[in-house]
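Secondary and tertiary structure notes
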Amino acid sequence: MSTTGTLDRIMARKRQELAARPPMAPRTRPMPRDFAQGLVTHRSGRRVSVIAEVKRKSPSGGDFPHADVVAVARAYEAAGASAISVLTDGPDFGGGLEDLVAVRAAVSLPVLRKDFLVAAREVEESAQWGADAVLLIADALEDGELREMVATAKAVGVAALVEAHTEAHAERALAAGAKLVGINNRNLATLKTDTGTALRVMPKLRSRARVLVAESGLKSLADLVAAQEAGADAVLVGESLLREPDPGHALRRLLGVKDAAP
Ligand SMILES: O=C(O)c1ccccc1NCC(=O)[C@H](O)[C@H](O)COP(=O)(O)O
């Protein structure tokens, strides 16, 4: 692939980690929750859905002040989130699969496993650990890998949110069979964020994707309205909520809830 920088470094580490570990022991999968349906219920309504993210740190943002990701996820649900995104990468994001299990047990919302998956076997494992959806990064996967991982997700009944940073990679996502497409405003090679990225790319995909998600760098109700007008069903928001002392209150404010004072 042509990307260089942070994403390449993480993907190379992930490939090494996978090669060095045996397959995980089978687990009893909890009853799946419908990730896509939860995101499109607002399509005819007043606003986009929010996938609210928990993570303890990130390469671009450093440390976030909320170690208890379960408490944050509960607050997000109470504030009106439609799904929770859980970073399960340890070295760069401070998370793990135990967070996925704990968050899912604490909320009734669908849960996205946000990680840097490199093989179909990890999609199957994600389902067993209770993920209702997995993130796949088109920019970092070859066409064959992407097709196989999307097909595996379908076969095991997990939603695949296929993320791209450019229109060309979004086209590859659709060609690989993706029905849920995320446009990441953050360039994962350079970590620079431009919230205009999703606004430019999403209209070109709208008629061909079941679900469109604008991701990264979103901070205000105006950002959500712009995403909705460009065709988004949902937005994925982490850092702007996690920087606040009360992430649940921050989400209510983001959603324009009247009692959420500034
Ligand atoms: O955020 C990073 O620094 C990062 C670095 C390398 C790969 C992925 C990275 N982030 C993933 C995401 O894009 C975000 O977690 C997600 O879209 C939420 O974005 P934000 O609201 O800006 O936290």
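Residues numbered from 1 in each chain as written. Predicted model: local features only at pLDDT ≥ 70, side-chain atom pairs only at ≥ 80, totals over all residues. Heavy atoms only, no water.

Formally: UniProt positions are given in the numbering used here, feature names are shortened, and annotations may be inferred rather than shown by experiment.
The name given to the protein in an unreviewed UniProt entry is Indole-3-glycerol phosphate synthase, with Myxococcus virescens as the source organism. Taken from UniProt, the Pathway (unreviewed entry) comment for the protein reads in full: "Amino-acid biosynthesis; L-tryptophan biosynthesis; L-tryptophan from chorismate: step 4/5." A UniProt comment under Catalytic activity (unreviewed entry) is attached to the protein, and it reads "1-(2-carboxyphenylamino)-1-deoxy-D-ribulose 5-phosphate + H(+) = (1S,2R)-1-C-(indol-3-yl)glycerol 3-phosphate + CO2 + H2O".

1. Structural notes on the overall build of the protein
Condition: Starting at the N terminus, helices and strands are each numbered in turn, a helix being any DSSP run of H or I of at least four residues and a strand any DSSP run of E of at least two. Only C-alpha atoms enter the radius of gyration; for comparison, a globular chain is expected to reach 2.2 Å times N to the power 0.38, where N is the number of residues. Burial here depends on accessible area, computed with a 1.4 Å probe over protein chains only, as a share of the maximum for the residue type. Under 20% is buried, over 50% is exposed, and the range in between is partly exposed. Contacts between residues were defined by any pair of non-hydrogen atoms, one from each residue, lying within 4.5 Å. To be clear on the numbers: accessible area is Shrake-Rupley with a 1.4 Å probe, and residue cover counts the displayed protein chains and nothing else. Asp and Glu count as negative and Lys and Arg as positive, but His and the ends of the chain are not part of the count. All charge positions are set by atom: Lys at NZ, Arg at CZ, Asp at CG, Glu at CD.
The secondary structure content of the protein amounts to eleven helices and ten strands. Here the C-alpha atoms of the protein give a radius of gyration of 17 Å, agreeing with the 18 Å that 2.2 N^0.38 yields for 262 residues. With the C-alpha coordinates of the protein rotated into their principal frame, the extents come out at 50 × 40 × 35 Å. A buried classification covers 55% of the 262 residues belonging to the protein. Pairs at least 24 apart in sequence give 68% of the contacts found in the protein among residues at least 6 apart. In the structure as shown, the protein presents an accessible area of about 10,900 Å², 54% of it carried by carbon and sulfur atoms. One finds the centroid of the 35 positive side-chain charges in the protein at a distance of 3 Å from the centroid of its 33 negative side-chain charges.

2. Observations concerning the site of the ligand
As a reminder, the rule being used: If even one non-hydrogen atom of a residue comes within 4 Å of a molecule or strand, that residue is called near it. Each residue is assigned to one of three groups, with Ala, Val, Leu, Ile, Met, Phe, Trp, Tyr, Cys and Pro labelled nonpolar, Asp, Glu, Lys and Arg labelled charged, and all others, Gly among them, labelled polar.
Neighbouring the ligand are 21 residues, the closest being Glu 53, Lys 55, Ser 60, Arg 186 and Ser 216. Secondary structure elements with two or more residues in the shell around the ligand: α1 (6-20) and β10 (234-237). For the shell around the ligand, the per-class residue count stands at eight nonpolar, seven polar and six charged.

3. Overview of the sheet that holds strand β9 (residues 211-215)
We count it as follows: Only strands that DSSP links by at least two bridges are regarded as paired with each other. All axes are obtained by fitting lines to C-alpha atoms, using only the stretch in contact for helices, and the reported angles, taken between N-to-C directions, cover 0 to 180 degrees.
Read once around its circumference, the closed barrel built from eight strands follows the order β1-β4-β5-β6-β7-β8-β9-β10, with strand pairing classed as parallel. Averaged over neighbouring strand pairs, the angle between their axes works out to 25 degrees when direction is ignored. Pairing geometry for strand β1 (residues 49-54) and strand β4 (residues 83-87), over four bridges, is parallel. Residue pairing in the sheet places Ala 52 in a bridge with Ile 84 of β4. Those strands touched by helix α3 (residues 69-79) are β1 and β4, and its axis lies near 170 degrees from that of β1.

4. With respect to empty space enclosed by the protein
How we decide: A cavity, in this analysis, means grid points on a 1 Å lattice covering only the protein atoms where a 1.4 Å probe fits yet has no way out; a pocket is instead an open set bounded by protein on both sides within 12 Å along at least five of seven lines, and a residue lines either one if it has an atom within 4 Å of a point. Grid points are joined across faces, edges and corners, and a volume is the space filled by probe spheres set on the points.
Scanning the model with the defined rule gives one cavity of 30 Å³ or more in all. Its volume calculated, the largest cavity comes out at about 30 Å³. Lining the largest cavity are Val 54, Lys 55, Arg 56, Val 69, Val 86, Leu 87, Phe 93, Gly 94, Gly 95 and Asp 99. For the lining of the largest cavity, the class distribution of residues is five nonpolar, two polar and three charged.

5. Some words on the environment of Lys 179
Checked against the element boundaries, Lys 179 lands in the loop between α7 (167-175) and β8 (180-184). For Lys 179, a relative accessible area of 53% puts it in the exposed group. Distance from Lys 179 to Ala 160, taken between C-alpha atoms, is 7.7 Å for residues 19 residues apart in sequence. If sequence neighbours within four positions are ignored, Lys 179 has contacts with Ala 209, Arg 210 and Val 211.

6. Digging into α1
An α-helix turns once every 3.6 residues. As a result, residues three or four positions apart point the same way. Stated formally: Helix span, as expected, comes to 1.5 Å for every residue beyond the first. Working note: the arc is built from the helix axis to C-beta atom directions.
The end-to-end C-alpha separation of α1 is 21 Å, in line with the 21 Å expected for 15 residues at 1.5 Å each. Here α1 has its buried residues at Thr 6, Leu 7, Ile 10, Met 11, Arg 13, Lys 14 and Leu 18. For α1, the buried positions fall inside an angular range of 160 degrees around the axis, keeping them on one side. Residues Gln 16, Ala 19 and Ala 20 are exposed on α1 and point more than 90 degrees away from its buried face. As for α1, its buried residues are in contact with α5 (120-128) and β6 (133-137).

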